[in-house]
Amino acid sequence: MKRTQWRNCHVATMTGGQYGIIEDAVIVTEGARIEWIGPRRERPPAGNDAKVDLGGAWVTPGLVDCHTHAVFGGDRSHEFEQRLEGVSYADIAAAGGGIKHTVRHTREASEDELFASARARLLQLMRDGVTTVEIKSGYGLDLATERKMLRVARRLGRTLPLTVKATCLAAHAVPPEFAGQADEYVTYICNEMLPALAAEGLVDAVDAFCESIAFSPAQVMRVLLRAQKLKLPVKLHAEQLSSLGGSGMAAGLGALSADHLEYMTADDAAAMARAGTVAVLLPGAFYTLRETRRPPVELLRHHGVDMAIATDLNPGTSPALSLRLMINMACALFGLTPEEALAGVTRNAAKALGMLATHGTLEAGKTADFVAWQIDRPAELAYWLGGPMENQVVRHGELRVSMSA
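All residue numbers refer to positions counted from 1 along the written sequence of the respective chain. Residue-level local features of this predicted model are given only where pLDDT is at least 70; pairs of side-chain atoms are given and counted only at 80 or more, and the full residue set underlies all totals for whole chains, interfaces and linings. In computing side-chain properties, one takes all heavy atoms of the structure into account and sets aside hydrogens as well as water.

J.: I keep staring at the overall build of the protein and nothing clicks. Help me out?
T.: Strands here mean DSSP runs of E at least two residues long; helices mean DSSP runs of H or I at least four residues long; both are numbered from the N terminus. Looking only at helices and strands, the protein features 15 helices and 15 strands. If one aligns the C-alpha atoms of the protein with their principal axes, the spans along those axes are about 70 × 45 × 45 Å. In this scheme, a residue with accessible area under 20% of its type's maximum is buried, one over 50% is exposed, and one in between is partly exposed, where area comes from a 1.4 Å probe on protein chains only. Looking at the 405 residues of the protein, the share that counts as buried comes to 57%. Contacts are assigned to residue pairs that have any heavy atoms within 4.5 Å of one another. Put simply, of all contacts in the protein between residues at least 6 apart along the chain, 71% involve residues at least 24 apart. When charges are counted, Lys and Arg are positive and Asp and Glu negative, with His and the chain ends excluded. Lys charges are placed at NZ, Arg charges at CZ, Asp charges at CG and Glu charges at CD. Averaging the coordinates of the 41 positive side-chain charges in the protein and doing the same for the 46 negative ones gives two points 5 Å apart.

J.: How should I be thinking about the side chain of Ser137 in this particular structure?
T.: Locating Ser137 in the fold gives a position in the loop between strand 6 (130–136) and helix 5 (143–159). Apart from residues no more than four positions distant in its own chain, Ser137 is found in contact with His69, Glu146, Met149, Leu150, Thr167, Cys168, Leu169 and Ala170.

J.: How should the packing of aromatic side chains be read in this particular structure?
T.: Two aromatic rings are characterised by how far apart their centres lie and by the angle between their planes. Pairing of aromatic rings covers Phe, Tyr and Trp, the last through its six-membered ring, and needs centres within 6.5 Å; plane angles under 30 degrees mean stacked, over 60 mean edge-to-face, and all others mean tilted. Under the counting rule described, the total for this entry stands at eight aromatic pairs. Ring centres of Phe72 and Tyr139 lie 6.4 Å apart, and the angle between their planes is 80°; this geometry places the pair in the edge-to-face category. With Phe72 in the loop between strand 5 (63–65) and helix 1 (77–84) and Tyr139 in the loop between strand 6 and helix 5, this residue pair connects regions lying 67 residues apart in the sequence. Using a relative accessible area of 6% as the deciding quantity, one classes Phe72 as buried. Ring centres of Tyr185 and Phe215 lie 6.2 Å apart, and the angle between their planes is 25°; on these two criteria the pair is classed as stacked. Remark: Phe215 occurs in the loop between strand 8 (205–210) and helix 7 (217–229) and Tyr185 occurs in helix 6 (residues 182–199); sequence separation between them is 30 residues. Joined through ring pairs, the aromatic side chains of Phe178, Tyr185, Tyr188 and Phe215 make up one cluster. It is Arg121 that lies over the ring of Phe72; its NZ or CZ is 3.7 Å from the centre. Geometrically, a charge over a ring is one whose NZ (Lys) or CZ (Arg) sits within 6 Å of the ring centre while staying within 35 degrees of the ring normal.

J.: Whenever I open this one, the UniProt feature "binding site: Zn(2+)" (unreviewed entry) in the protein confuses me. Can you help?
T.: UniProt positions are given in the numbering used here, feature names are shortened, and annotations may be inferred rather than shown by experiment. Under the present numbering, the feature "binding site: Zn(2+)" (unreviewed entry) in UniProt falls on His67, His69, His237 and Asp312. Spatially, the listed residues are clustered: although they cover 246 residues, their C-alpha atoms lie within 12.4 Å of one another. Taken from the residues named earlier, the lining of the largest cavity is made up of His67, His69, His237 and Asp312. Under the rule applied, a polar contact is a pair of N or O atoms within 3.5 Å (in protein, one hydrogen donor and one hydrogen acceptor; residues adjacent in sequence only if both atoms are side-chain atoms). Within the structure, His67 has its side chain in polar contact with the side chain of His237 (distance 3.3 Å). Those residues within four positions of Asp312 in sequence are excluded, and the remaining contacts are His67, Thr68, His69, His260, Leu282, Ala285, Thr317 and Ser318. Definitions used throughout: a 1 Å grid over protein atoms alone; a cavity as a set of points that fits a 1.4 Å probe which cannot get out; a pocket as an open set with protein on both sides within 12 Å along at least five of seven lines; a lining residue as one with an atom within 4 Å of a point.

J.: What should I look at first to understand empty space enclosed by the protein in this one?
T.: Grid points are joined across faces, edges and corners, and a volume is the space filled by probe spheres set on the points. One pass over the full model with this rule turns up two cavities of 30 Å³ or more. Considered as a void within the structure, the largest cavity measures approximately 130 Å³ in volume. In terms of lining, the largest cavity is formed by 14 residues, of which the most central are His69, Tyr89, His172, Asn314 and Thr317. Classes in brief: Ala, Val, Leu, Ile, Met, Phe, Trp, Tyr, Cys and Pro nonpolar; Asp, Glu, Lys and Arg charged; the others, Gly included, polar. Taken together, the residues of the lining of the largest cavity break down into four nonpolar, eight polar and two charged. Quantified by volume, the second largest cavity comes out at close to 50 Å³. Residue lining of the second largest cavity: Pro61, Gly62, Val64, Thr131, Thr132, His359, Gly360, Thr367 and Asp369, and that is the complete set. Among the residues forming the lining of the second largest cavity, the class breakdown is two nonpolar, six polar and one charged.

J.: For this particular structure, what's the right way to read unusual backbone geometry?
T.: Backbone geometry follows two general trends: most residues other than glycine have a negative phi, and most peptide bonds adopt the trans configuration. With phi around 55°, Asn8 is a residue other than glycine that occupies positive phi space. Mapped onto the elements, Asn8 comes out in strand 1 (residues 3–12). A relative accessible area of 35% means that Asn8 is categorised as partly exposed.

J.: What should I look at first to understand the pairing of strand 3 (residues 33–39) in this one?
T.: In regular strands, side chains alternate between the two faces of the sheet. We treat two strands as partners when DSSP finds at least two bridges between them. Across six bridges, the pairing between strand 2 (residues 21–30) and strand 3 is antiparallel. Bridge assignment links Val28 to a residue of strand 3, and that residue is Trp36. The turn joining strand 2 and strand 3, which pair antiparallel and follow one another in sequence, is formed by two residues; a positive phi near 60° is taken by Gly31.

Here it is, written out as structure tokens:
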């Protein structure tokens, strides 16, 4: 198995959610795993190891985008214009727009069309140093289209040098054929969709949208309990537009994460802390929707809840193609420190996907996914507003070849 020594670099290991800096470092990889990491003066003998000079770069774990809706048909730029003219997200949804608009276009698109458009979006994320991404379904809302979306997610993971986790979000909205019958649609999800998709090996986790414009806590509970019976981890969109206690409920079920959280309470935060549920903050949606109520970051800090950051890449409320920009937004809009924000797209994001044992930090025994950035200090990842940032991406111990759309 190939051994490589990656030299002439400084490392932010992100262990413990802190920079964990190693100056003048060496990383030794064997195959797809990190065998050793530490200061150059303590490095093991090189022997016949391959040697790569990283030119004084700062190395971080590969970035993890733990909440995206990257597979979808059509776009909703017209709704962006409507919101700028004063129409609310809830009013757009009530008029048949929002998620339902994307559902129509996603149902009409072929699997190849969905693959091509999602691939182009993921390439943008990859240029920012993303090595792992979660992709949610939820724009099908019937078995055939949810299956199609999840098949595309699996295909993206097979064909791109990118680790892809697939999450079933069938409980995203009530489809037109179940209008006024949300309970019946939840029964369809629980009795038909989830068992079939899980049996086909298309699902890594199950999510739901707990909100007045989507599903009630009781309805969401049915979906999450069914997922757990199928041995699938759960997570939840919660407290984005109102306080329904969804995040605390999800934590009570041991959810991997609760996401959005602008309206969460102290009781929700305490429940998440007890359960180890990660708070996934989504500044792109906050920004695009021009919200004014921020997630209670101080409350999350007080209770010791791990905070992750993600793009929420989707066609309606967060058409975000840069996880690095989300790092900046998390600092500028939500008040995170650059160190907290970097932990939010590495260690804590991996934890939100149930992958912390293998990803998210640079430690011996973990997967050799890392990024060598030509910067002077790690805080620059939060400082620059977009634009290309020179980097070399190592995935599974091999330099990732640059790819074009």
